Amino acid sequence: MRYGETGFVLEIDLTEGSSEKVATDPKSTELFIGGQGTAAKILWDRVPPEVEAFSPDNLLIFSAGLLHATPVPGANRVAVNTISPQTNLMSHSLMGGFFGPEMKHAGYDQIIIRGKSPELVYLYINNDQVEIRDAAHLKGKGTTETGDLLKKELKDDKIQVAAIGLAGENRVFMASIDHGHSSASRGVGVIMGDKKLKAIAVRGTKDINIAHPEALFMACLDLHKKIADSDGCGDWMAYDEDDSFHHNHFAWGNARTRRKDFWSKELEDRWKKLKYDNMDRQTSCYNCPKNCRNVISRPGKKRFGYKCYGKDTYHMAAFKELDFSYDILGVAQEYGLDSYSTPQVMAFALELYEDGILTDTDMPGLPADSGDRFFYLMEKIVRREGIGDILADGVYHAARRIGKGAEAYDHNTTKKFEQLPIKLGKVNPAYFLMIATGEKMSITQIEGSFPQDPLPTMAERKEFVKNWTAPPDDKFKEYFLNWEKRNVMSNQAFCDIVDWNEAMHYIDDATGLCGFVSSFRGQFGGDVAYNIHNIPVLIHLATGIDMDKDKLWKTFQRNRTLIRAINGRRGLRRKDERPPEDHWAVRDEEIEQKLLDEYYEFKGWNKEGIPTRKTLDRLGLSHVGEDLLKRGVLTDDGTDSATKYEVSEQMISNA
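Cut-off values and rules
- Residues numbered from 1 in each chain as written.
- Predicted model: local features only at pLDDT ≥ 70, side-chain atom pairs only at ≥ 80, totals over all residues.
- Heavy atoms only, no water.
- Salt bridge = Lys/Arg side-chain N within 4 Å of Asp/Glu carboxyl O.
- Helix = DSSP H or I, 4+ residues; strand = E, 2+ residues; numbered from the N terminus.
- Buried < 20%, exposed > 50% of the residue type's maximum accessible area, 1.4 Å probe, protein only.
- Pairing = 2+ DSSP bridges.
- Axes fitted to C-alpha atoms, helices over the stretch in contact; angles between N-to-C directions.
- Contact = heavy atoms within 4.5 Å.
- pLDDT = per-residue confidence, 0-100.
- Expected span 1.5 Å × (residues − 1).
- Arc of directions from axis to C-beta.
- 1 Å grid on protein atoms, 1.4 Å probe; cavity = no way out; pocket = protein on both sides within 12 Å on 5 of 7 lines; lining within 4 Å.
- Points joined across faces, edges and corners; volume = space filled by probe spheres on them.
- Nonpolar A, V, L, I, M, F, W, Y, C, P; charged D, E, K, R; others polar.
- Domains from an automatic or database assignment.

J.: Is there a simple way to explain the pattern of salt bridges in this structure?
T.: In a structure, side chains of opposite charge can pair up when their charged atoms sit close to one another. Summed over all chains, the structure comprises 57 salt bridges. The shortest N-O distance in the salt bridge between Glu 321 and Arg 270 comes to 2.6 Å. On the criterion of sequence distance, the pair formed by Glu 321 in the loop between α10 (313-317) and α11 (322-335) and Arg 270 in helix α9 (residues 265-278) is long-range, its members being 51 residues apart. A residue is classified by how much of its surface remains accessible, and Glu 321, at 26% relative accessible area, is partly exposed. Linked by salt bridges that have partners in common, Lys 415, Glu 439, Asp 499, Glu 502, Arg 560, Arg 564, Glu 577 and Lys 603 make up one network.

See below:
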């Protein structure tokens, strides 16, 4: 008997129109835990680098976390992984709500989709009943609308639906997969559309076996109360009306303009009234006592839900206010558009227009008002009409297709993907490393355990660390106590900090825990529910697997290293690991490259950022090293760089 997991995956071949329930190897769970970790193993084994994103052989994988459908509160993030056409790398995406736990109750730890359907279809899963059904009647329907229609068609309101909108159907690179106002973005919706899969509707009624049910249940009662009572858990932006941080410090428009004095008390009061006058309710994800999602319904407008920074992205890009975001978010979510990257793409196009690179010929009938222009461009993008066909591939690719100097306006992408629009002064070395080497396409999925800035006085620092139980080692407390300036700390300390930040996210991605109760909130000094000390206990109680802190940390290293190997095999190299050039006002190329050298060595990677044979062997990934050697990605024994990296004078002058 398997505990904490079903022990089965559902294989779907859309080309053949077939499905198969396949038993999994329990050894894989011990090595990779589940979620994105197991998905990485599948992508390594089955999607070699010659398989392109739009190939039928590319896989789209929905992975429940190991702790989904157990009593563990806040375990609800399903991982969606594939190869992205925007980056040609492994795409990382997470989606909250109820979909992942429902998969497990239906009897599956993962749904693996390959092939392409000749016509638009949807997948219906009801426990062991699996059907690929015609979706012609859903063509062009919105994401929420599709879910509502399928629940009615299937006569079951408890069905959980993940769907794409028009953006996904038309293979827009920014397309997301939406489920009850939660979304999986960053390269996955476009693949679901390419496979002509409109939606997945899942219903499950099976039990999940628990190895030590009474002990786990009692532990989870305490955790449930802790999460409910703690200000350090949940998305604080769902409740706190002071959003001066984003508006005064993040960049507006095409990620260029800071408005440091934008926020005011009058503005805060006005926006608060707008929110509560139009808010239906606040909702929670599966088995979580926090209600972090605000659901807004304005008269005559489309209903939508938001959390975190997603409510700000459209109005900041358009130089508007909150009412504009409330107008456009409902439309964007029905189309299935990522609210982090899409506004940047549209602001990029408008800046090109204002500077004469794009003209009225490119955008005929463009309205005068910036908000109306955003609606205009959104319609073009989701339909891939005219200039929208170019913009639909994201800023990096659009800039190079447009030419005429447009490349200079692409100043906020890393690894061909739009970053958060943050423009700062001096480099924070930890954030340099996270943005440069991260493979999740968003800093919010990397940062989180260690604070962003030092506290001004020793008394404040001592108070911060007094009850700080999350650090895996006391050295992190010493780092923080002795930290006085953001950019001043040893390179060793910065490497340790980034490694810890990454560790907690990769563990969350495998177990299915939400970052708002775990990996993301520790940086703010909150009393987060989960850490490297108690997660191994929960894994053991749920699954019976012998787990401790050291074994879990090694699992993180294995998962992280495997994803790095996947992307290295697909061409990722050191030259790609550059934050946007104007991300910080003050840059020092030689210092940054020395830091990158030390971090690569710390991680067990060579000078090009490829895991060495020694590292791969230590993590039980010898077969990965053999493949990289055979392909010439590693050209020696893996202990030294295959390509010597030197800082050129041109790079220094560019910086």
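J.: Can you walk me through unusual backbone geometry in this structure?
T.: Only a minority of non-glycine residues have a phi that is not negative, and only a minority of peptide bonds are not trans. Its identity is not glycine, yet Asn 88 carries a phi of approximately 60 degrees, on the positive side. Mapped onto the fold, Asn 88 is located in the loop between β4 (78-83) and β5 (90-95). Take Asn 88: its relative accessible area is 31%, and that puts it in the partly exposed class. Even without being a glycine, Lys 415 presents a positive backbone phi close to 55 degrees. Relative to the helices and strands, Lys 415 resides in the loop between β18 (413-414) and β19 (417-418).

J.: How should the sheet that holds strand β15 (residues 279-283) be read in this particular structure?
T.: Consider a sheet: its strands pair through backbone hydrogen bonds, and that pairing is either parallel or antiparallel. Ordered in space as β15-β16-β17, the 3 strands form an open sheet in which the pairing is antiparallel. Every interior strand has two partners, whereas the edge strands, β15 and β17 (304-306), have only one. Averaged over all pairs of adjacent strands, the angle between strand axes in this sheet comes to 25 degrees, irrespective of strand direction. Of the pairings in the sheet, the one linking β15 to strand β16 (residues 293-296) comprises 4 bridges and is antiparallel in character. Bridging from a neighbouring strand, Gln 282 pairs with Asn 294 of β16. Here α9 sits on the sheet and contacts β15, β16 and β17; the angle it forms with β15, its principal contact strand, is near 85 degrees. Against the sheet, α11 contacts β16 and β17, and its axis sits at roughly 105 degrees relative to β17.

J.: Teacher, can you tell me more about the pairing of strand β7 (residues 121-126) here?
T.: In regular strands, side chains alternate between the two faces of the sheet. Within β7, 5 of the 6 residues are buried, leaving the element largely enclosed by the surrounding structure. Note that β7 and strand β8 (residues 129-134) share 6 bridges and pair antiparallel. Counted as the bridge partner of Tyr 124 is Glu 131 from β8. Linking two consecutive strands that pair antiparallel, namely β7 and β8, is a turn of 2 residues; a positive phi of about 55 degrees is found at Asn 127 within it.

J.: Help me understand the confidence of the model for the chain, please; the structure alone is not making it clear to me.
T.: Close inspection of predicted coordinates is inappropriate in any region flagged by low pLDDT. The predicted model of the chain averages 94 in pLDDT, with 97% of residues at 70 or higher. Taken together, the stretch residues 638-655 has pLDDT below 50 and engages in 29 contacts with residues farther than four places along the chain or on a different chain.

J.: Even after reading the chapter, I still don't get α9, so can you show me in this structure?
T.: An α-helical turn contains 3.6 residues, so a residue and the one three or four places further along point in the same direction. Along its 14 residues, α9 runs 20 Å from first to last C-alpha, staying within 8% of the 20 Å computed at 1.5 Å per residue. Looking only at α9, the buried set comprises Leu 267, Glu 268, Trp 271, Leu 274, Lys 275 and Asn 278. Seen end-on, α9 carries its buried residues on one side only, within an arc spanning 130 degrees. The outward face of α9, more than 90 degrees from its buried face, is lined by the exposed residues Lys 265, Lys 273 and Asp 277. Summarising the contacts, the buried residues of α9 are in contact with α8 (244-249), β15, β16, β17, α10 and α11.

J.: Sorry if this is basic, but what is going on with helix α20 (residues 535-543) here?
T.: Buried residues dominate α20, accounting for 7 of its 9 residues. Buried residues of α20: Ile 535, Pro 536, Leu 538, Ile 539, Leu 541, Ala 542 and Thr 543, and no others.

J.: Is there a simple way to explain empty space enclosed by the protein in this structure?
T.: If you roll a probe as big as a water molecule over the atoms, it shows you where there is empty space left. Inspection of every chain in the model, using the stated rule, returns 10 cavities of 30 Å³ or more. By volume, the largest cavity is sized at about 780 Å³. The wall of the largest cavity is formed by 39 residues, among which Leu 94, Ser 183, Arg 186, Lys 307 and Tyr 340 lie closest to the centre. Those elements that place two or more of their residues in the lining of the largest cavity are β5, β11 (182-184), β17, α11 and α19 (491-511). The leading source of residues in the lining of the largest cavity is β5, at 4 residues. By residue class, the composition of the lining of the largest cavity is 13 nonpolar, 17 polar and 9 charged.

J.: Just checking my understanding: could you explain the layout of surface pockets for this structure?
T.: Estimated volume of the largest pocket: approximately 830 Å³. Taken together, 36 residues form the lining of the largest pocket, with Phe 245, Gln 452, Asp 453, Gln 523 and Phe 524 sitting closest to its centre. With 3 residues, α8 is the single largest residue contributor to the lining of the largest pocket. Classifying every residue of the lining of the largest pocket gives 21 nonpolar, 8 polar and 7 charged. Here the lining of the largest pocket spans two domains, since at least three of its residues come from each of domain 2 (234-418) and domain 3 (424-654). Its boundaries defined by the atoms lining it, the second largest pocket holds a volume of some 580 Å³. Listed by contribution, the elements that provide at least two residues to the lining of the second largest pocket are α4 (143-153), β9 (160-163), β10 (177-179), β15 and β16. Looking at which element gives the most residues to the lining of the second largest pocket, the answer is α4, with 5 residues.

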